[in-house]
Amino acid sequence: MRRRVFIAIFGSALLGGSTILWRSLSSFWRPGFDAHAAQTVKAVTDLMFPGDGLPGATQLGIHNRIAAMSDLHEMMADGVGWLDRRAKNQGGADFLALDEPARSAAVEAAFASDDEDAKQFIVLLRFYAGFNYYSHPTIKSAFPYTDPPQPEGFADFQDPPR
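Residues numbered from 1 in each chain as written. Predicted model: local features only at pLDDT ≥ 70, side-chain atom pairs only at ≥ 80, totals over all residues. Heavy atoms only, no water.

## Observations concerning the overall build of the protein
So, point 1. Across its full length, the protein holds seven helices and zero strands.
So, point 2. The helix and strand sequence of the protein, counted from the amino end, reads α-α-α-α-α-α-α.
So, point 3. Residues counted as buried form 31% of the 162 residues belonging to the protein.
So, point 4. Accessible area for the protein stands at about 11200 Å²; split by element, carbon and sulfur atoms hold 57% of it. (Helix = DSSP H or I, 4+ residues; strand = E, 2+ residues; numbered from the N terminus. Buried < 20%, exposed > 50% of the residue type's maximum accessible area, 1.4 Å probe, protein only. Areas by Shrake-Rupley, 256 points an atom, 1.4 Å probe, with all protein chains shown as cover.)

Rendered as structure tokens:
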């Protein structure tokens with residue numbers, strides 16, 4: 001009986017130690033959020049919200065707000081890694097080395113990808129960039145209408161479009 005208790009205690013301590021060791025060592029081969037990842041986030045943000053007559057997202061510093069979200073760093077590093085791997089398959093050094101049409105194609109491929117890292121990165125980046133962009137005072141002031149777009153609702157919603 002003592003032997004079983006000793007093995008149970010020793011085994012659980014060994015398992016806990018292995019878990020801590022695994023977490024510590026896994027960061028060595030997993031990409032981290034670094035300057036390259038931040039530059040890639042900036043490039044993708046600029047690609048998604050270029051401005052078109054208004055200041056673009058990068059001119060407003062939206063990419064800096066997103067890069068400051070430390071809870072998203074791991075997800076962003078994984079997504080940047082996916083974009084870089086795709087760029088290498090296309091003959092580029094990394095995502096940042098691609099021209100604008102190739103970058104757009106890579107982002108579209110990430111949207112359509114079955115890879116959860118790529119899709120989650122692009123979808124969350126679009127959400128946070130769009131939210132921060134359209135709530136920025138400069139962009140909000142460009143749209144003078146502040147009331148709800150349909151205060152009366154859609155009275156003819158049951159009719160086919162005209």
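Having seen the structure, we can now continue with the description.
## What about the packing of helix α4 (residues 73–89) against helix α5 (residues 100–112)?
So, point 1. Between α4 and α5, whose axes approach to 10 Å, the crossing angle comes to 125°. Taken together, α4 and α5 sit at an angle that is classed as oblique. Between α4 and α5 lies a crossing whose hand is right-handed. Contact with α4, carried on its side by W82, L83 and R86, involves A105, A106, A109 and A110 of α5 and no other residues of that element.
So, point 2. Its residues placed into classes, the contact of α4 with α5 shows six nonpolar, no polar and one charged. (Axes fitted to C-alpha atoms, helices over the stretch in contact; angles between N-to-C directions. Parallel < 35°, antiparallel > 145°, perpendicular 65-115°, else oblique. Left-handed = near helix turned anticlockwise from the far one by under 90°. Contact = heavy atoms within 4.5 Å. Nonpolar A, V, L, I, M, F, W, Y, C, P; charged D, E, K, R; others polar.)

## Considering the side chain of N132
So, point 1. Position of N132 among the secondary structure elements: in helix α6 (residues 116–134).
So, point 2. On the accessibility criterion, N132 (10% relative accessible area) is buried.
So, point 3. Polar side-chain contacts of N132 include one of 2.8 Å to the backbone oxygen of Y128. (Polar contact = N/O pair within 3.5 Å; in protein donor to acceptor, adjacent residues only side chain to side chain.)

## Looking at the environment of A118
So, point 1. Counting through the fold element by element, A118 comes out in helix α6.
So, point 2. Measuring from C-alpha to C-alpha, the distance between A118 and M75 comes to 8.9 Å, with 43 residues separating the pair along the chain.
So, point 3. A118 has contacts with W82, A110 and S113, leaving out every residue within four places of it along the chain.

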